[in-house]
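What the coordinates show
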Amino acid sequence: MAKLILTHEVTGLGEPGDVVEVKDGYARNFLIPRSLATPWTKGAESDINAIRKARKTREIASLDDAKALASSLSAKPVVVAANAGPGGRLFGAVTTADIAGAVAAAGGPSVDKRKIEIGQSIKTTGDYTVSIRLHPEVSAKIGVQVVAG
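As annotated in an unreviewed UniProt entry, the chain carries the name Large ribosomal subunit protein bL9 and is attributed to Promicromonospora sukumoe. One UniProt comment on the chain, placed under Sequence similarities (unreviewed entry), says "Belongs to the bacterial ribosomal protein bL9 family." On record in UniProt, under Function (unreviewed entry), the comment for the chain is "Binds to the 23S rRNA."

This is how it looks when you write it as structure tokens:
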């Protein structure tokens, strides 16, 4: 088992700054090459504190603020324009970065693309539902309308 410090949020594992123990292969082949975690050392305690401090500044302050933001995001659908061929099939797919940009363009808050979860890849025009993790306890479901553009 490898002991690691998470540098980014990993679904099902933990938040940035958490110290976790995972299997060696998962650490060596997935987490460390993608810069999602760094190896734990005794001197890394200052790194943990810096990661937690940076996370606190980015995080939505309270649960009530997150719930209010979730209700405002859920109220109106977001429109994403993408290049499409005949029949509504997209050239490529709609990414989390596209959705984050569309939320900001629609007058919503700036949302980190890593907090957006798409169930299945969006490769055709139409209406979809995606989830945004605003707070560890609050997740907003927003409607995304993909149009040819």
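For the chain, the domain assignment lists domain 1 (2-64) and domain 2 (68-148). Taken together, the contacts link eight residues of domain 1 with 11 residues of domain 2. Buried surface at the junction of domain 1 and domain 2, both sides included, amounts to about 770 Å², of which 50% is carbon and sulfur. Where domain 1 packs against domain 2, one counts two salt bridges. Residues Arg133 and Glu9 are paired through a salt bridge, measuring 2.9 Å at the closest nitrogen-oxygen approach. Our count for the contact surface shared by domain 1 and domain 2 stands at two residue pairs in polar contact (both at pLDDT 80 or more).

Next up on the list: the environment of Ala81. Looking at where Ala81 falls in the secondary structure, it is placed in strand β4 (residues 78-82). Exposure remark for Ala81: the relative accessible area of 57% places this residue in the exposed category. For Ala81 and Ile99, which are 18 residues apart along the polypeptide, the C-alpha to C-alpha distance reads 10.0 Å. Residues in contact with Ala81, not counting those within four places in the same chain, are Val147 and Gly149.

On to helix α3 (residues 63-75), then. Its 13 residues give α3 an end-to-end C-alpha distance of 19 Å, which sits within 8% of 18 Å, the value for a rise of 1.5 Å per residue. For α3, the complete set of buried residues consists of Ala66, Leu69, Ala70 and Leu73. Buried residues along α3 cover an arc of 105 degrees about the axis, so they all sit on one side. Along α3, the residues that are exposed and aim more than 90 degrees away from the buried face are Asp64 and Ala75.

The next subject is the UniProt feature "domain: Ribosomal protein L9" (unreviewed entry) in the chain. Per the UniProt entry, the sites bearing "domain: Ribosomal protein L9" (unreviewed entry) are residues 14-41 in this numbering. Taken as a whole, residues 14-41 contains 29% helix and 25% strand, while its terminal C-alpha atoms sit 18 Å from one another.

A few words now on the nonpolar core. The biggest cluster of nonpolar side chains holds 24 residues, and the ones touching the most others in it are Ile99, Leu134 and Ile142. Broken down by secondary-structure element, the contributors of at least two residues to this core are α3, β4, β5 (89-94), α4 (96-105), β8 (126-135) and β9 (138-148). Among the elements that line this core, the one with the most residues is β9, at five residues.

So, how was this worked out
- All chains use their own residue numbering, which begins from 1 and follows the written sequence.
- Where totals are concerned, whole chains, interfaces and linings use all residues; where local detail is concerned, this predicted model gives features only for residues with pLDDT of at least 70, and gives and counts side-chain atom pairs only at 80 or more.
- With hydrogens and water stripped out, all remaining heavy atoms of the structure feed into the side-chain values.
- UniProt positions are given in the numbering used here, feature names are shortened, and annotations may be inferred rather than shown by experiment.
- The source of the domain bounds is an automatic or database domain assignment.
- The contact definition used throughout considers only heavy atoms, calling two residues in contact when any of these lie within 4.5 Å.
- Put simply, buried area is the surface a 1.4 Å probe can reach on two separate parts but cannot reach once they are joined, added for both.
- Salt bridge, as applied in this entry: a Lys or Arg side-chain nitrogen positioned within 4 Å of an Asp or Glu carboxyl oxygen.
- The term polar contact refers here to a pair of N or O atoms within 3.5 Å; inside protein, the definition further demands a hydrogen-donor-capable atom paired with an acceptor-capable atom, and it admits residues adjacent in sequence only when both atoms are side-chain atoms.
- Strands are runs of DSSP state E lasting at least 2 residues, helices are runs of H or I lasting at least 4, and numbering of each runs from the N terminus.
- With a 1.4 Å probe rolled over the protein chains alone, any residue whose accessible area is under 20% of its type maximum counts as buried; one over 50% counts as exposed, and the rest are partly exposed.
- Under the convention used throughout, the expected extent of a helix is 1.5 Å for every residue step, that is, one less than its residue count.
- Of all possible arcs, the one meant is that of the directions from the helix axis to the C-beta atoms.
- In plain words, nonpolar cores are sets of buried Ala, Val, Leu, Ile, Met, Phe, Trp, Tyr and Cys residues tied together by side-chain atoms within 4.5 Å.

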